[in-house]
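Residue-level listing of the chains:
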Amino acid sequence: MLPVFKKSFVRSVSRRFQPVSDLVQTLLFPPRCLKCGTYMDSGTADPSAFSAYFCKSCLGSGPRPFEPPFCPWCGHVFDQGENHLCEACLKKNPRFRRISRVRASLVYSGVVKEAVPLFKYQSRLSLARPFERVLFRAFETYFMEPEPDLVLPVPLHVRRLRQRGFNQAYFLVRHFPDLYFRKFHRNPSWQVDIASLKRVVHTRPQTGLDEKSRRKNLRNAFQVSPKAQSRIKKARVLLIDDVFTTGSTCREAARVLFRHGADRVDVLVLARA
Ligand SMILES: [Zn+2]
Ligand SMILES: [Zn+2]
């Protein structure tokens, strides 16, 4: 019979041997810059830091953090001044505003613009680590008071999921409950929910489409699963995605969530374009 070990024991053993396995990994596969391929000296590289994946020259001045001044509604980042509504939000009738707040970890520029497609289209899954860490920091900054009821990664259509092999939005929050527990020493009241919202239409890639065509492309792309209807009703939902450009994907998802009685829909993305 196989010995049964307590989870905590297994965790502490694997933690103790982690440095050894990291060393073996480094000796066998010396780290190379994901962009230019240069071998990097990684003596003390922290696997949750961008510097573990990009050489100094590709990293440049590093990822630009998402920080004020920005538009309090859509998260559009300004170069200077105070937080204020952007032109696009001012033009829209607030009654039709569906998403309450869009917040991000990083600005979609520089090394981030290189790193996100590597992660998403070339399956550089190791990047999930630094991404998840910076995303959790933004979660702490913007979504702790009050906390959401559901953390909901934007789903992929099953066909796209099969092609890609993973949902990048889910990979950005997979360990959120663990990170939360480590930080606050209690379990979160919310859960990461990948069952409630489904993508039922296989849409063309959005890249290269203008906002109107994106909206049309996405119409009725999402559905709340029948079993989840009571969960969505009156819930404060936090949608998670990798990049927010025109926001048509999140807006369409929000439209469906509100139709099922969601109380509030906020958006947290890794990078705001
Ligand atoms: Zn490089
Ligand atoms: Zn705005």
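Higher on the page you've got the structure.
The shown structure was predicted, so the numbers you read here are calculated from the model rather than taken from an experiment. (Residues numbered from 1 in each chain as written. Chains lettered and ligands numbered in written order. Predicted model: local features only at pLDDT ≥ 70, side-chain atom pairs only at ≥ 80, totals over all residues. Heavy atoms only, no water.)

Peer 1: What is the right way to look at the coordination of the zinc ion (ligand 2) in this model?
Peer 2: Ideal geometry at a metal gives 109.5 degrees between four tetrahedral donors and either 90 or 180 degrees between six octahedral ones. In this structure, Cys 71 (SG), Cys 74 (SG), Cys 86 (SG) and Cys 89 (SG) serve as the protein donors to the zinc ion (ligand 2), at separations of 2.3 Å. Geometry at the zinc ion (ligand 2) is tetrahedral, judged from its four donor atoms and the angles of 104 to 119° they form at the metal. In the primary structure, the donors to the zinc ion (ligand 2) are separated according to the pattern C-x2-C-x11-C-x2-C. With Cys 71 in the loop between α2 (56-59) and α3 (87-91) and Cys 86 in the loop between α2 and α3, the pair connects residues that are 15 residues apart, well separated along the chain. (Donors = N, O, S within 2.8 Å, 3.2 Å for Na, K, Ca; no water. Tetrahedral: all angles 85-135°; square planar, octahedral: opposite > 155°, others 65-115°. Helix = DSSP H or I, 4+ residues; strand = E, 2+ residues; numbered from the N terminus.)

Peer 1: Before we go on, may I ask you to explain unusual backbone geometry in this structure?
Peer 2: Peptide bonds are mostly trans, and most non-glycine residues show a negative phi. Residue Pro 69 is reached from Pro 68 by a cis peptide bond, and omega for that bond is 5°. Structurally, the position occupied by Pro 69 is in the loop between α2 and α3. A cis amide bond, omega -5°, links Glu 145 with the succeeding residue Pro 146. Along the polypeptide, Pro 146 turns up in the loop between α5 (128-142) and β2 (150-153). Unusually for a residue other than glycine, His 185 sits at a positive phi of about 55°. Here His 185 is to be found in the loop between α8 (176-184) and β3 (191-192). Not every positive phi belongs to a glycine, and Asn 220 is a case in point at roughly 60°.

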